[in-house]
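Examination of the molecular architecture
If you want the building blocks of each chain, they are given just below.
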Amino acid sequence: MKATTRRRASSREAPRRLLAKAKTGIAGFDEITGGGLPRGRPTLVCGGPGCGKTMLAMEFLVRGATEFNEPGVFMSFEETADDLVQNVASMGFDLRALESRKKILIDEVRVARSEIHETGEYDLEALFIRLGHAIDSIGAKRVVLDTLEALFGGFSNTAVLRAELRRLFDWLKQRNVSAVITGERGEGQLTRQGLEEYVSDCVVLLDHRVVDQLTIRRLRIIKYRGTFHGTDEYPFLIGENGISVLPITSLGLAYRASADIVSSGNKAIDALLGGGFYEASTVLVSGRAGAGKSTFAAHFVDGRCEQKERALYVAMEQSPSEILRNTKGIGIPLNRHVKAGLLRFHALRPTAHGLELHLTTIHELVEDFNPRVVVIDAITSFLGMGLSAEVTSMIVRLMDFLKSRQITVYLTSLAHGSENLERAGASLSSLVDTWLLLRNVEVDAERVRTFSVVKSRGMAHSSATHRFTITNNGVVLTNATQAQGAS
């Protein structure tokens with residue numbers, strides 16, 4: 001009994017041997033794989049036409065050469081070297097320059113089906129010699145083979161095919177190179193031959209689908225031997241800077257909570273909020289059309305830019321010029337902040353693209369501009385773009401990303417028709433730290449705007465309903481009242 005206990009204790013104390021990984025440098029991908037692809041092992045990247053297999057493989061190679069000092073060999077069985085160079089130039093990859101510095105070697109191999117003779121003695125020895133020479137010539141640590149179908153497409157003998165595939169993967173392991181092999185997706189199976197996934201250590205599935213007339217790319221790690229990894233489907237995009245993968249569930253709640261307070265941009269509103277908002281918190285301003293949501297947002301942006309903080313304003317209902325004109329008319333001249341480089345607008349139509357593209361666009365804008373404040377006017381514009389669960393997931397991902405960057409987020413939410421105002425913001429209420437509710441009600445044959453604080457976590461705040469007007473000097477509060485006729 002004691003011996004068994006000692007053995008168990010010894011096993012618990014044994015240090016964990018983590019699988020060595022090669023970072024891809026692809027935004028988001030290393031996060032969901034726990035550090036990259038398996039080092040010194042083969043990875044299969046499979047999917048249908050146009051899903052991004054070659055682009056992912058090429059970026060793995062280029063990032064390795066430029067960011068991690070790991071030269072790589074790209075052996076193409078379909079595209080010519082010139083075509084590859086032109087195709088990836090749009091992402092800023094200069095393959096010719098990398099070739100001249102012996103960071104990358106591109107070798108195109110043509111295998112015509114008429115040249116393939118299927119016999120029991122067929123092997124890939126000639127390919128191994130050619131690939132081995134390419135690896136040795138630049139000291140390659142990474143290898144890409146694109147694609148297997150071009151190499152094995154003429155084979156129908158499953159036994160020969162399986163044996164040669166296993167030989168290929170074993171040979172790559174013996175050379176201790178981190179390899180990516182691409183393959184076309186088959187009918188009802190991951191690849192056309194249905195064999196490669198059983199002999200590779202890591203399998204990545206790419207998918208390109210059309211939903212409600214909008215194209216969506218998704219990525220999933222089917223298997224990854226020897227390590228934990230994300231198992232969900234992750235949206236990804238191919239943009240000007242390469243591939244961006246959007247990890248959904250890998251972002252946690254570990255971001256730092258700031259104790260600093262930032263102003264709402266209006267001293268009277270600050271007084272009702274206990275001084276303002278916590279920095280890096282999320283603020284929601286909800287109300288019907290004409291309630292003053294964008295005006296409140298303009299006050300906030302103006303105040304932060306006055307403190308020399310950069311602000312990103314994502315507009316979904318008005319053009320930047322309309323916003324600048326309208327805010328100037330009420331005494332909030334945001335144009336000066338644009339000229340000073342402190343305020344950047346990004347206008348977009350929600351229905352022009354899918355949720356993933358919008359999310360990735362905001363990610364890239366944040367990475368490029370590095371703002372301290374992000375305004376999204378209005379966040380409810382996303383609600384008509386997909387299922388409620390998908391939209392909520394997208395908003396959660398966006399909030400987590402911005403909070404992890406210590407960015408203060410200011411959202412406006414539009415309620416429609418007879419919709420209960422508090423119920424309209426309920427879907428976002430758990431995500432926000434401060435919720436301001438604006439109403440535009442009729443009292444004694446007059447339209448009256450009112451403002452109240454529904455919640456403000458960690459802050460002493462007013463519980464009254466306050467009337468306000470929009471003047472040439474922006475928002476001006478009047479005496480606290482109880483609004484009549486509010487719904």
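Computed from a prediction, not measured in an experiment: that's the story for all the values here.

Where burial is concerned, most of strand β18 (residues 408-414) is hidden: seven out of the seven residues are buried. Here β18 shows two buried faces, one formed by T408, Y410, T412 and L414 and the other by V409, L411 and S413. The sheet contact formed by strand β14 (residues 282-287) and β18 spans six bridges and is parallel. Considered in β18, the bridge of V285 is made with T412. Direction of pairing for strand β17 (residues 373-377) relative to β18: parallel, over a ladder of five bridges. Across the sheet, I376 pairs through a bridge with L411, a residue of β18.

Helix length check: helix α11 (residues 293-306), at 14 residues, gives a terminal C-alpha distance of 20 Å against a target of 20 Å (1.5 Å per residue), a fit within 8%. Those residues of α11 that sit buried are K293, T295, F296, A297, A298, H299, F300, V301, D302, G303, R304 and C305. Remark: K308 follows α11 within two positions and exhibits a positive phi of approximately 65 degrees.

In this fold, S264 is placed in the loop between β12 (261-262) and α10 (267-272). S264 gets classed as buried once you look at its relative accessible area, which sits at 5%. Within polar-contact distance, the side chain of S264 engages the side chain of D270 at 2.7 Å.

Let's shift gears to the pairing of strand β19 (residues 434-443). A large share of β19 lies buried, amounting to eight of its ten residues. Judged from the four bridges that link them, β14 and β19 form a sheet pairing that is parallel. What sits directly across from V285, in β19, is L436.

All right, on to the nonpolar core then. By size, the foremost hydrophobic cluster in this structure holds 38 residues, and its most contacted members are F29, L95, I106, V204, L206, L219 and V245. Sort the elements by how many residues they give to this core and helix α3 (residues 53-67) lands first, with eight residues. Ignoring anything within four residues of it in the chain, the contact list for F29 reads T24, L37, V204, L219, I221 and V245. I269, L343, Y410 and V453 belong to the second largest nonpolar core, which has 35 residues in total.

The next thing to look at is the confidence of the model for the protein chain. Taken residue by residue, the protein chain gives an average pLDDT of 82. The fraction at 70 or more is 80%. Under a pLDDT of 50 for its full length, residues 4-11 has, in the predicted model, zero contacts with residues more than four places off or in other chains. Confidence over residues 482-487 falls short of pLDDT 50; this stretch has 13 contacts with residues more than four positions distant or in other chains.

On to the environment of L206. For L206, the position within the fold is in strand β8 (residues 202-211). Along the primary structure L206 and E233 are separated by 27 residues, whereas in three dimensions their C-alpha atoms are 9.4 Å apart.

On to the packing of α3 against helix α4 (residues 81-89), then. Interhelical geometry of α3 versus α4 gives an angle of 85 degrees and a closest axis separation of 11 Å. Here α3 is positioned roughly perpendicular relative to α4, judged by the angle of their axes. Touching T54, M55 and M58 of α3 are L84, N87 and V88, all from α4. Grouping the amino acids of the contact of α3 with α4 by side-chain chemistry returns four nonpolar, two polar and no charged.

Here the amide bond leading from D146 into T147 is cis, since omega sits at -5 degrees, within 30 degrees of zero. Although it is not a glycine, N69 sits at a positive phi angle of roughly 55 degrees. Mapping N69 onto the fold places it in the loop between α3 and β4 (72-76).

Thresholds, definitions, all that
- Residues numbered from 1 in each chain as written.
- Predicted model: local features only at pLDDT ≥ 70, side-chain atom pairs only at ≥ 80, totals over all residues.
- Heavy atoms only, no water.
- Buried < 20%, exposed > 50% of the residue type's maximum accessible area, 1.4 Å probe, protein only.
- Helix = DSSP H or I, 4+ residues; strand = E, 2+ residues; numbered from the N terminus.
- Pairing = 2+ DSSP bridges.
- Expected span 1.5 Å × (residues − 1).
- Polar contact = N/O pair within 3.5 Å; in protein donor to acceptor, adjacent residues only side chain to side chain.
- Core = buried A, V, L, I, M, F, W, Y, C linked by side-chain atoms within 4.5 Å.
- Contact = heavy atoms within 4.5 Å.
- pLDDT = per-residue confidence, 0-100.
- Axes fitted to C-alpha atoms, helices over the stretch in contact; angles between N-to-C directions.
- Parallel < 35°, antiparallel > 145°, perpendicular 65-115°, else oblique.
- Nonpolar A, V, L, I, M, F, W, Y, C, P; charged D, E, K, R; others polar.

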